[in-house]
Amino acid sequence: YYKFLKTPFNDIFTALNGKLGLFVVAPVQAFIAFYIINLFTNLEGIYPGTTWFFPLYSMICLTFVVEYVLLFNSVLWSARAMKTSAELDVAKNIQTTSLPHDFNAFPELPDINVYASMNTAKEVGGDFYDFFKIGDHQFAVVIADVSGKGVPAAMFMMRARTIIRSYAETGQPIEEVMTKANASLCKYNDAEMFVTAWAGVIDTETGMLTFANGGHNPRLIRKKDGAFEYLKMKTNFVLGSFDTVRYKRQEYQLEHGDTLYLYTDGVTEAMNVHKQLYGEDRLLNVLNKEHYSTAENVIDAVKVDVADFTFKAEQSDDITMLSVFYN
């Protein structure tokens, strides 16, 4: 019964958004009022000439008035909640479909095997990932996490993704892409939102990975015959706060068989019912649990382990991952 009723009740409470009182007050008020009326009518009777006739008659009329008002407000709020829920569903669909999902879209780049996923904590999220081709033999990957949650974060996320991608597709050096994207995001940012972002470009002919990091989590690399490890790297400031920040270019030489893994802090900060964090050590352990053969296998393994760790705990942050095999 618990499993059967859990989902519909959770949906009801979520849709009402704290307005459950509107649906509780009406029947409770009616029960109390009619109990009192019934008590007096059983004792005194209710007909013209009795002491309690007009007070009881007035209470009946008032009860029906209050009942109708409460029921009207309940129906009105239900309609508003359903409208909001429907609009958020549309927004989530737009956001989700705007991210690339065709992981086999680049047959002309046989050395690249890419896979990514995003699981939002709310209807819409502030994380995003992106990957796309630049020129004939360059492949760009981006992962980012916007401050805040909900609709404001989702709107800023869409703006950040569009700006970073538009600069990157021009073929400019990655440090210039991040510097210009930051300057653009600082404009018209009255809400003072910001985004952590990691953007890199792989030269598929040489294996050279050039990247810039704007306050984002450290990446992990696995050599062909080795284990995943966190790589130390310089971390610049987040994007969207100061338009004078200059981002620095960093490089890493990929060899055939190497794997790149990127993630947002929704992975390492996933929390279980005991308020314990998933953590970087557990992430490293599951990545090295076995030798995964594809980028999709890497992502799926982490997904399963995070789900096992959190179990019944509510998801508190967006969980986004991206992995690239350089084959």
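The following paragraphs examine the structure supplied in this document.

Rules used throughout
Residues numbered from 1 in each chain as written. Predicted model: local features only at pLDDT ≥ 70, side-chain atom pairs only at ≥ 80, totals over all residues. Heavy atoms only, no water. Helix = DSSP H or I, 4+ residues; strand = E, 2+ residues; numbered from the N terminus. Buried < 20%, exposed > 50% of the residue type's maximum accessible area, 1.4 Å probe, protein only. Contact = heavy atoms within 4.5 Å. Areas by Shrake-Rupley, 256 points an atom, 1.4 Å probe, with all protein chains shown as cover. Expected span 1.5 Å × (residues − 1). Arc of directions from axis to C-beta. Pairing = 2+ DSSP bridges. Axes fitted to C-alpha atoms, helices over the stretch in contact; angles between N-to-C directions. Core = buried A, V, L, I, M, F, W, Y, C linked by side-chain atoms within 4.5 Å. Phe/Tyr/Trp six-rings, centres within 6.5 Å; stacked < 30°, edge-to-face > 60°. Lys NZ or Arg CZ within 6 Å of the ring centre and 35° of its normal.

**With respect to the overall build of the chain**
1) Next: Broken down by element type, the chain carries eight helices and ten strands.
2) Next: Counting the 327 residues in the chain, one finds 44% classified as buried.
3) Next: The long-range share in the chain, meaning contacts at least 24 apart out of those at least 6 apart in sequence, stands at 72%.
4) Next: Looking at the chain as shown, the accessible area adds up to about 17900 Å², and 59% of this sits on carbon and sulfur atoms.

**Quick look at helix α8 (residues 295-310)**
1) Next: Here α8 contains 16 residues, and its C-alpha end-to-end distance of 23 Å stays within 8% of the 22 Å for a straight helix at 1.5 Å per residue.
2) Next: Of the residues making up α8, those classed as buried are Ala 295, Val 298, Ile 299, Ala 301, Val 302, Asp 305, Val 306, Phe 309 and Thr 310. Seen along its axis, α8 keeps its buried residues to an arc of 160°; they face one direction.
3) Next: Elements that come into contact with the buried residues of α8 comprise β1 (112-119), β9 (258-263), α6 (265-268), α7 (279-287) and β10 (319-326).
4) Next: At the exit of α8 stands Phe 311, carrying a positive phi of roughly 50°.

**Digging into the environment of Met 59**
1) Next: Tracing the chain through its elements places Met 59 in helix α3 (residues 53-98).
2) Next: Met 59 sits in the partly exposed class, given a relative accessible area of 30%.
3) Next: As for Met 59 and Phe 34, which are separated by 25 residues in sequence, their C-alpha atoms are 8.9 Å apart.
4) Next: For Met 59, the residues in contact, after removing those within four places along its chain, are Ala 33, Ile 36 and Ile 37.

**Thoughts on the sheet that holds strand β5 (residues 208-214)**
1) Next: Spatially, β2-β3-β4-β5-β8 is the arrangement adopted by the five strands of the open sheet, whose pairing is antiparallel. Taken across any chain shown, the strands that pair with only one partner, and hence form the sheet edges, are β2 (127-134) and β8 (250-253). Neighbour-to-neighbour, the strand axes of the sheet open up by a mean angle of 15°, direction not taken into account.
2) Next: Where β2 and strand β3 (residues 138-146) come together, eight bridges link them in antiparallel fashion. Bridging from a neighbouring strand, Asp 130 pairs with Val 142 of β3.

**What to know about the nonpolar core**
1) Next: Counting 76 residues, the largest nonpolar core has Tyr 261, Val 267 and Leu 283 as its most contacted members.
2) Next: Among residues more than four places away in sequence, those in contact with Leu 283 are Leu 220, Tyr 230, Tyr 261, Tyr 263, Val 267, Thr 268, Tyr 278 and Val 302.

**A closer look at the pairing of β5**
1) Next: Within β5, six of the seven residues are buried, which leaves it mostly tucked inside the rest of the structure.
2) Next: Relative to β5, strand β4 (residues 195-203) runs antiparallel, the two sharing six bridges. Counterpart to Ile 202 in the pairing with β5 is Leu 209.
3) Next: Linkage of β4 to β5, two consecutive antiparallel strands, is achieved through a turn of four residues, within which Gly 207 is found at a positive phi near 80°.
4) Next: Of the pairings in the sheet, the one linking β5 to β8 comprises four bridges and is antiparallel in character. Note on β8: the bridge partner recorded for Leu 209 is Tyr 252.

**Points about the sheet that holds strand β7 (residues 228-230)**
1) Next: Judged by pairing direction, the sheet is antiparallel, and its five strands sit side by side in the order β1-β10-β9-β6-β7 without closing on themselves. Of all strands in the sheet, those bounded by a partner on one side alone are β1 and β7. Taking the axes of each pair of neighbouring strands and ignoring which way they run, one obtains an average angle of 15° across the sheet.
2) Next: Across the sheet, α7 touches β6 (220-222), β7 and β9, and the angle it forms with β7 is around 155°.
3) Next: Sitting on the sheet, α8 touches β1, β9 and β10, and the angle it makes with β10 is about 150°.

**Quick word on the packing of aromatic side chains**
1) Next: In the structure shown here, the tally under the stated rule is ten aromatic pairs.
2) Next: For the ring pair Phe 106 and Phe 139, a centre distance of 5.3 Å and an interplane angle of 80° mean the geometry is edge-to-face. Separated by 33 residues along the polypeptide, Phe 106 in the loop between α3 and β1 and Phe 139 in strand β3 bring together distant segments of the chain.
3) Next: We classify Phe 139 as buried; its relative accessible area is 1%.
4) Next: In textbook terms, an aromatic cluster arises when at least three aromatic residues are bridged by ring pairs, as seen for Phe 103, Phe 106, Tyr 115, Tyr 129, Phe 131 and Phe 139.
5) Next: Arg 219 extends its terminal NZ or CZ atom over the ring of Tyr 252, reaching a point 5.5 Å from the ring centre.

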